[in-house]
Every structure is written in structure tokens, then in C-alpha cells.
Amino acid sequence: MTSSFKRSFIGYDPVSVASELSCIDQEFVQKREELRRGLEIQVQQKETLLKEIEKLGQELAPKLSLQDDIFSRLLSAHLSGTGRVIAAIEDMKKKELDLTTLISERNKELLRLHIVLSEMSNEFLATATRYGTMLNWEEDGEANVKA
């Protein structure tokens, strides 16, 4: 800010300098007052915002608590369900092992029965062959066997 002052014999004109200083002082006072009002408005806005934040915090506290409660319940239910699924899988593995053992035992029994049936079939064929041979002897007249 440059000002030009009237000159006098001893330097600058005191009235002109005083007038200019008075104008500068009024400008500073006016700017300071504008800044003070702006600061007051910002302080009020800050206090209003802090009150709103506190109010919202009070409104949200029960909701956050409810959200935490819902989360804990869901987590608990999930963990419980997971535990039941794991127990069911372990039970299925045990039953599968039991069934595999049972199938193995039944296969052994089936093999044993097949062997016994084979032996019986062989004995039956041997008996039938002997009986057939005896019948043939009767027809030839060599043997006379009555059943």
C-alpha cells in the first residue's frame, strides 16, 4: 500500500499523514472486526457441529451395541453349525470305516460259502457219477442195486 503525502518545509504534511494513518487505522479496525465476527461464527459452527456429533454418537450407541449383539449371535450360530458339520463328517468317516470292515467280512464269508458250495457241488457230481455208474451196471446186468 503506497500513499503519497503532501510535502511541507519540515518533511511531510502532518495533517495529510494523520489523515492517512486514520484511514489505515479504520481499515485495520474494520478488518479486525470482520475477522472477529468470522471467528465467532466459526466458533459457533464448531460448537454446533460438536453438539451434533455428540447427539449422533448417542443415537448410534444403541445401534452399534445392537450391531455388536447381532454379530456375536451370528458368529456363535456359525461356530455352532460348523461344529455340528465337523462332528457329522467325523461320524460319517467312522461309519464309512465300519461299513468297509463289514463289507470285507461279508466278502470273506461269501468267498467261504462259494468254496463250500463248490465242494458240495463237486461231492454232488461225484455222488451222481457213482449213482449213474451203479445204474449203468444194473442195466448191463453186472450189479443189482436197489435204492
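Residues numbered from 1 in each chain as written. Predicted model: local features only at pLDDT ≥ 70, side-chain atom pairs only at ≥ 80, totals over all residues. Heavy atoms only, no water.

Colleague: Honestly, the overall build of the protein chain in this entry has me stumped. Any pointers?
Modeller: The number of helices and strands found in the protein chain is one helix and two strands. For the protein chain, with 147 residues in total, the buried portion stands at 3%. Surface accessibility of the protein chain: about 13,800 Å² in total, with carbon and sulfur atoms responsible for 62%. (Helix = DSSP H or I, 4+ residues; strand = E, 2+ residues; numbered from the N terminus. Buried < 20%, exposed > 50% of the residue type's maximum accessible area, 1.4 Å probe, protein only. Areas by Shrake-Rupley, 256 points an atom, 1.4 Å probe, with all protein chains shown as cover.)

Colleague: Please clarify how the pattern of salt bridges should be interpreted in this entry.
Modeller: Note on pairing: side chains with opposite charge can pair once their charged atoms come close. In total, this model carries seven salt bridges according to the counting rule given. Residues Lys-95 and Asp-91 are paired through a salt bridge, measuring 3.3 Å at the closest nitrogen-oxygen approach. Within this pair, Lys-95 and its partner Asp-91 are both found in helix H1 (residues 14-140), separated by four residues, close to a single helical turn. Assessed through its relative accessible area of 48%, Lys-95 is described here as partly exposed. Classification of Asp-91 by relative accessible area gives partly exposed; the value is 36%. Between Lys-94 and Asp-98 there is a salt bridge; the shortest N-O distance is 3.3 Å. Of this pair, Lys-94 and Asp-98 both sit in helix H1, four residues apart, roughly one helical turn. Given the relative accessible area of 51%, Lys-94 is considered exposed. Because the salt bridges share partners, they merge into one network encompassing Glu-33, Arg-36, Arg-37 and Glu-40. (Salt bridge = Lys/Arg side-chain N within 4 Å of Asp/Glu carboxyl O.)

Colleague: Where do I start with a nonpolar patch on the surface in this structure?
Modeller: On the surface, Leu-56, Leu-60 and Leu-64 cluster together to form a nonpolar patch covering roughly 270 Å² of accessible area. Tracing the sequence through the fold places Leu-64 in helix H1. (Patch = residues over 30% accessible without salt bridge, like charges linked within 9 Å, V, L, I, M, F, W, Y side chains within 5 Å.)

Colleague: How do you make sense of the confidence of the model for the protein chain when you look at a structure like this?
Modeller: One rule of thumb: low pLDDT means the predicted coordinates there are not for detailed reading. Of the residues in the protein chain, 86% reach a pLDDT of 70 or more, and the chain-wide mean stands at 87. Considering each helix and strand of the protein chain separately, the mean pLDDT is smallest for strand E1 (residues 7-8), with a value of 60, and largest for H1, with 91. (pLDDT = per-residue confidence, 0-100.)

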